[in-house]
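# Structural overview
Read off the chains here:
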Amino acid sequence: MNLTIIGTGYVGLVSGACFAEMGNTVTCIDIDEKKIDGLRNGIIPIYEPGLETMVKRNVSNKTLYFSTNLKNHLEKCDIAFIAVGTPMGEDGSADLKYVLQVAKEIGQHMHNNLIIVDKSTVPVGTADKVKAAIQKELDHRNEPMDFHVVSNPEFLKEGDAINDFMKPDRVVVGSDNEEATEKMRALYAPFFRSSMDRLITMDVRSAEMTKYVANAMLATKISFMNEIANICELVGADVNKVRIGIGSDSRIGYSFIYPGSGYGGSCFPKDVKALKKTAEENGYTAELISAVENVNDKQKLVIANKIIQRFGEDLTNKTFSIWGLAFKPETDDMREAPSIYIIKELVKRGAKIHAYDPKATEEAQHFYLKDTKNITYFDSKYKTLQNSDAMILLTEWKEFRSPDFEELKKQLKQPIIFDGRNQYNHARMLKNGFEYYQIGKK
Ligand code: NAD
């Protein structure tokens, strides 16, 4: 098929590359000329394992193209995907300005029988708004045309996005038109080799809702376990043991019950807030969802509070070595990363920061921590340790899992570690002579 993907970010670029990999001809569109120029010259704007190889392969196979011109690429297109950002609006709802701008442009330039797919995460009712925005332009053109708006929310996770897209747990298609559903089924068929059971079709509103509910459920598991971790500390229990104790129950399972420094990223914080807002707009107070959010806000500062408890409120002559800035491993994404909040708390009290992340340093330096003083960035985890009063682990990159602890002891002023991701064995760390702080264990 001929596909146009509008919005070449994490979702648009990964989707475009994966659809091209399956033999479709794909054009990824973006308004960011620098991004498109770079992609045309083989520069991949984000770090995502496997993405660069896949993009380059499909560009050289002439199955993947990049452009800033939507108009030219709607002509031969079978399906147009909207994959632009839906950031958090001022009141917590999803800001649809990019989605509706794209809908308007589609309406201005589309041809007959186009399928428009909402891949961005959008609140229930957005497909209707997209449809209306397109129809308005068609009325203006005075050219009646057949088109269908389908909801196909994306469930990929950054850091493992290619794998998730190529071998999805499920693909959700919300559509009110059988022909459009069939076309989506045909598009996704190569991703399901043996059975199409994992392509789940439903009405548009339920599909839009499914994405928010999936993210809210995962965020709930995280906040629940973080709350339990905080109680464990108070009563002298070890959350690491409790986690194994409950995860072994098949009704509960082990996934998403790791305590830590709270969830971040571009999705959970804004999607949880948007779902709460949707409920509110419909006269319902979403108490559990509000609690998930409140617990997370507090959790982001648990490690900072432990540091302040240990070193005091005045951190003027203290230097901390930070291992990990990205909101999770295998990505350079810094959006809503707990590291931002923790570093700001420490800097506010006068601390100096030595920071290292395998991939996210540039993002941190140029955007998210741009205006934060007292940070020096290093290109190796060990280099951050010199003259530092403690090491603080904030992202569980594989290279942090089994470091040379003797080197840590040698370089740090005192062997102190604050572990915001519970990566090390508590008893072993104490035996090795470290003062070691975790989440959920006193
Ligand atoms: P992103 O910010 O990385 O990319 C969005 C892109 O859209 C940007 O490159 C921007 O320049 C472009 N854009 C904005 N307006 C445009 C326009 N009028 N025409 C063309 N391009 C335009 O965003 P993302 O992380 O890829 O997320 C996109 C959507 O997918 C969001 O709704 C998000 O919630 C959802 N989502 C994201 C993830 C994830 O892990 N990042 C996972 C699932 C769903």
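Residues numbered from 1 in each chain as written. Predicted model: local features only at pLDDT ≥ 70, side-chain atom pairs only at ≥ 80, totals over all residues.

Per an unreviewed UniProt entry, the chain goes by the name UDP-glucose 6-dehydrogenase and belongs to Costertonia aggregata. The UniProt entry for the chain carries the following text under Pathway (unreviewed entry): "Nucleotide-sugar biosynthesis; UDP-alpha-D-glucuronate biosynthesis; UDP-alpha-D-glucuronate from UDP-alpha-D-glucose: step 1/1." UniProt, in the comment section headed Function (unreviewed entry), describes the chain in these words: "Catalyzes the conversion of UDP-glucose into UDP-glucuronate, one of the precursors of teichuronic acid." (UniProt positions renumbered as here; feature names shortened; annotations may be inferred.)

### Considering the UniProt feature "binding site: NAD(+)" (unreviewed entry) in the chain
Listed under "binding site: NAD(+)" (unreviewed entry) in the UniProt record, and renumbered for this structure, are Asp30, Lys35, Thr86, Thr121, Glu158, Lys270 and Arg335. Spanning 306 residues, the named residues are also spread out in space, since their farthest C-alpha pair is 24.3 Å apart. Structurally, Lys35 is set in helix 2 (residues 33-40). Tracing the chain through its elements places Thr121 in the loop between strand 5 (114-118) and helix 6 (126-141). (Helix = DSSP H or I, 4+ residues; strand = E, 2+ residues; numbered from the N terminus.)

### What to know about the site of the ligand
Around the ligand, a shell composed of 26 residues is seen, among which Gly7, Gly9, Val11, Ser120 and Thr121 lie nearest. The set of elements that each furnish at least two residues to the shell around the ligand consists of helix 1 (10-21) and helix 5 (97-109). In terms of residue class, the shell around the ligand is made up of eleven nonpolar, ten polar and five charged. (Near = placed C-beta within 6 Å. Nonpolar A, V, L, I, M, F, W, Y, C, P; charged D, E, K, R; others polar.)

### Comments concerning unusual backbone geometry
Residue Lys62 is not a glycine yet carries a positive backbone phi of 60 degrees. Checked against the element boundaries, Lys62 lands in the loop between helix 3 (51-60) and strand 3 (64-67). Lys62 sits in the exposed class, given 9 other C-beta atoms within 10 Å. (Buried ≥ 20, exposed ≤ 12 C-beta atoms within 10 Å, placed from the backbone.)

### What about the packing of helix 9 (residues 204-235) against helix 12 (residues 287-299)?
Orientation of helix 9 relative to helix 12, taken along the N-to-C sense of each, is 55 degrees, at an axis distance of 9 Å. Taken together, the axes of helix 9 and helix 12 lie oblique to each other. Considering how the two elements wind past one another, helix 9 and helix 12 form a crossing that is left-handed. Contacts between helix 9 and helix 12 pair Ala216, Ala219, Thr220, Ser223, Asn226 and Glu227 from the former with Ile289, Val292, Val295, Asn296 and Gln299 from the latter. Counted by class, the contact of helix 9 with helix 12 contains five nonpolar, five polar and one charged residues. (Axes fitted to C-alpha atoms, helices over the stretch in contact; angles between N-to-C directions. Parallel < 35°, antiparallel > 145°, perpendicular 65-115°, else oblique. Left-handed = near helix turned anticlockwise from the far one by under 90°. Contact = placed C-beta atoms within 7 Å.)

### Here we look at the pairing of strand 8 (residues 199-202)
Remember that side chains alternate between the two faces of the sheet whenever the strand is regular. For strand 7 (residues 171-174) and strand 8, the ladder comprises four bridges, and the chain directions are parallel. Along strand 8, the bridge assignment pairs Val173 with Thr201. Of the crossover connections in this fold, the one passing from strand 7 over helix 8 (residues 178-188) to the parallel strand 8 is right-handed. (Pairing = 2+ DSSP bridges. Right-handed = clockwise from strand over helix to strand, strands pointing away.)

### Thoughts on the pairing of strand 6 (residues 147-151)
Of all five residues making up strand 6, five are buried, and the element is well covered by its neighbours. Burial along strand 6 is two-sided: the face carrying Phe147, Val149 and Ser151 and the face carrying His148 and Val150 are both buried. Strand direction decides the pairing type here: strand 5 and strand 6, joined by five bridges, are parallel. The residue of strand 6 that forms the bridge with Ile116 is Val149. A crossover connection joins strand 5 to the parallel strand 6 through helix 6; in handedness this β-α-β unit is right-handed.

### Section: the UniProt feature "binding site: substrate" (unreviewed entry) in the chain
In the numbering used here, UniProt assigns the "binding site: substrate" (unreviewed entry) feature to Phe155, Leu156, Lys157, Glu158, Lys211, Phe256, Ile257, Tyr258, Pro259, Gly260, Gly264 and Lys328. Spanning 174 residues, the annotated positions stay apart in the fold, the maximum distance between their C-alpha atoms being 23.7 Å. On the secondary structure map, Gly264 appears in the loop between helix 10 (239-247) and helix 11 (268-281). Setting aside chain neighbours within four positions, we find Gly264 in contact with Pro269, Phe327, Glu336, Ala337 and Pro338. Its place among the elements puts Lys328 in the loop between strand 9 (319-323) and helix 14 (338-348). Classification of Lys328 by C-beta neighbours within 10 Å gives buried; the count is 20. If we skip the residues at most four places from it in the chain, Lys328 touches Gly159, Gly265 and Thr395.

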